[in-house]
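# Examination of the molecular architecture
Here is how the chains run, residue by residue.
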Amino acid sequence: MDVELQILKHLARDAHPTVAIVDEYCAEYKDLFKEVRNYECFKYLHMGIISTIKRKSLPEIAKVVSINSAQSLHHFLANSDWSVNKLKQRRLNKLKKQLDGRAITLVIDETGDRKKGKNTDYVARQYLGSVGKVDNGIVSVNAYGVCANITFPLIVKVFKPKGTLKESDKYKTKIELASEIITELMELGFNIELVLADSLYGESSQFIRKIAEYSLGYVVSIRSNHGVWLPAGQSVRAPAFLGFNQSCQLETEAQENSNVDFSHHPQWNYESGWKNTLNNLRLIIQPLLLFWLIYPWLSIFPNSQLLRGFNHLIAAMNQFKPSYASG
C-alpha cells in the first residue's frame, strides 16, 4: 500500500522488506506481533543469524542489518509484547503438519557456548562441549529431528546451574530436561521412531525409563567402563565405529524456471549437508547486507549507477525459492 495513503488514513505501515526467502518464512508468524517494528526486528534477527558475522551479538547484528542502535533489538527480545511460547508452538505445529504423520528420528544432545562476565542469565563455570573443558558459559539441551534426509531443530531448553537460579526457577538436571522434551514432543503428536543420544543420557536409567514409557526405539552410547540398568529383555551391543556421512540435511536450490542461475557463483556449494546449505543461503542474502552497509556512504557520495546496480542485484536474489530434498 502507498505509504502516504497509510499516513493519511492513520493505518499501520507495512514492514520494510528484506530478502524474499526471509520475508516469506517470517510471514508465517506475522500475526504474532502486534507492532510492525517488532515484526521487523524478528526479520532482522533472522538475517543477522544467517549472516557471516562471527559474533551473533545484538550490536553486531544491528550493524550488519543497518540499524542505528541495537537497543531496538534488545527491546524486542526483553520487553516487547509477544509470546515466545506462542511462537514456539506455531513453529512446532507447522512442522508437524508438514511431516503429516511421517516417523522421525529424534537426536538429543547438549551444547555449551563460552560467555564472558555474568550479565547473561544462567552463565556459570561448567563443562562446555564446544571447547571441550570447564569454562564460563551457558549450556542448553537440544532436540533435533531427522526425516527424509532433512535435519531440523525441535526444542531447546536452557540448563540452569544451582548457583544461577532465580526465585521462580526449579533446578532440573540435563536428564530431566531431555525427558521433558520427549514428553512434550509425544504430547504434541510427533511420530518418533528412534531416539539417538550420547553417553550422558545413555548411562541414565531415568532417561532410558522415559524412552521405555513411550515404547520408543533408541540407540545410545555407554562408555566401556560404565554400566546402566536396562529394562527387562534388553541388552547392550557395542558394534565397531563406522564413518558418518552427514547427508541427512535440508537442501536448497533455485526454481527450475528462474531466470537466474545462482549456482554460477564461484562460492556456491553443490554438496548436501547443513553447512553447504547455510553457505548458499548466506550468498543469497549477501547483496542486501552489503547494500545496508554501504548505503550511508551513498548519502554522502551519491552514485546513482551503484544504487541501481544494487537494486537490480537484490531483485535477482528475490527470485530464489527453496525446495526440499526428496529423500
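Residues numbered from 1 in each chain as written. Predicted model: local features only at pLDDT ≥ 70, side-chain atom pairs only at ≥ 80, totals over all residues. Heavy atoms only, no water.

### What about the pairing of strand β4 (residues 150-158)?
- In this structure, strand β3 (residues 133-147) lies alongside β4, joined through 8 bridges in antiparallel fashion. The residue bridging Asn142 from the neighbouring strand is Val156, located in β4.
- Hairpin geometry of β3 and β4 is characterised by an intervening segment of 2 residues between the two adjacent antiparallel strands and by a positive phi of about 50° at Ala148. (Pairing = 2+ DSSP bridges. Helix = DSSP H or I, 4+ residues; strand = E, 2+ residues; numbered from the N terminus.)

### A word on the nonpolar core
- Ranked by size, the top nonpolar core spans 43 residues in total, and within it Phe33, Phe42, Met47, Val65, Leu73, Ile284 and Trp292 carry the most contacts.
- Those elements giving two or more residues to this core turn out to be α2 (20-26), α3 (36-50), α4 (58-64), α5 (71-78), α10 (274-298) and α11 (304-317).
- For this core, the element with the most residues is α10, which contributes 9 residues.
- In contact with Ile284, other than residues within four places in its own chain, are Val19, Ile21, Phe262, Trp268, Met317 and Phe320. (Core = buried A, V, L, I, M, F, W, Y, C linked by side-chain atoms within 4.5 Å. Buried < 20%, exposed > 50% of the residue type's maximum accessible area, 1.4 Å probe, protein only. Contact = heavy atoms within 4.5 Å.)

### Observations concerning unusual backbone geometry
- We note that Asp100 has phi near 55°; this positive angle belongs to a residue other than glycine.
- In this structure, Asp100 sits in the loop between α6 (84-99) and β1 (104-114).

### As for the pattern of salt bridges
- The final tally for this structure, using the stated rule, is 16 salt bridges.
- Notably, a salt bridge pairs Arg125 with Asp135, separated by 3.9 Å at the nearest N-O pair. Placement of the pair is Arg125 in strand β2 (residues 124-128) and Asp135 in strand β3, with a sequence separation of 10 residues.
- On the accessibility criterion, Arg125 (58% relative accessible area) is exposed.
- Residue classification places Asp135 among the buried positions, given a relative accessible area of 16%.
- Here Lys210 ties to Glu213 by a salt bridge, and the two come within 3.2 Å at their closest N and O atoms. Separated by 3 residues within a single helix, Lys210 and Glu213 lie in helix α9 (residues 205-213), roughly one turn from each other.
- A relative accessible area of 17% means that Lys210 is categorised as buried.
- A single salt-bridge network, built from bridges that share partners, covers Lys88, Lys157, Lys172, Glu180 and Glu184. (Salt bridge = Lys/Arg side-chain N within 4 Å of Asp/Glu carboxyl O.)

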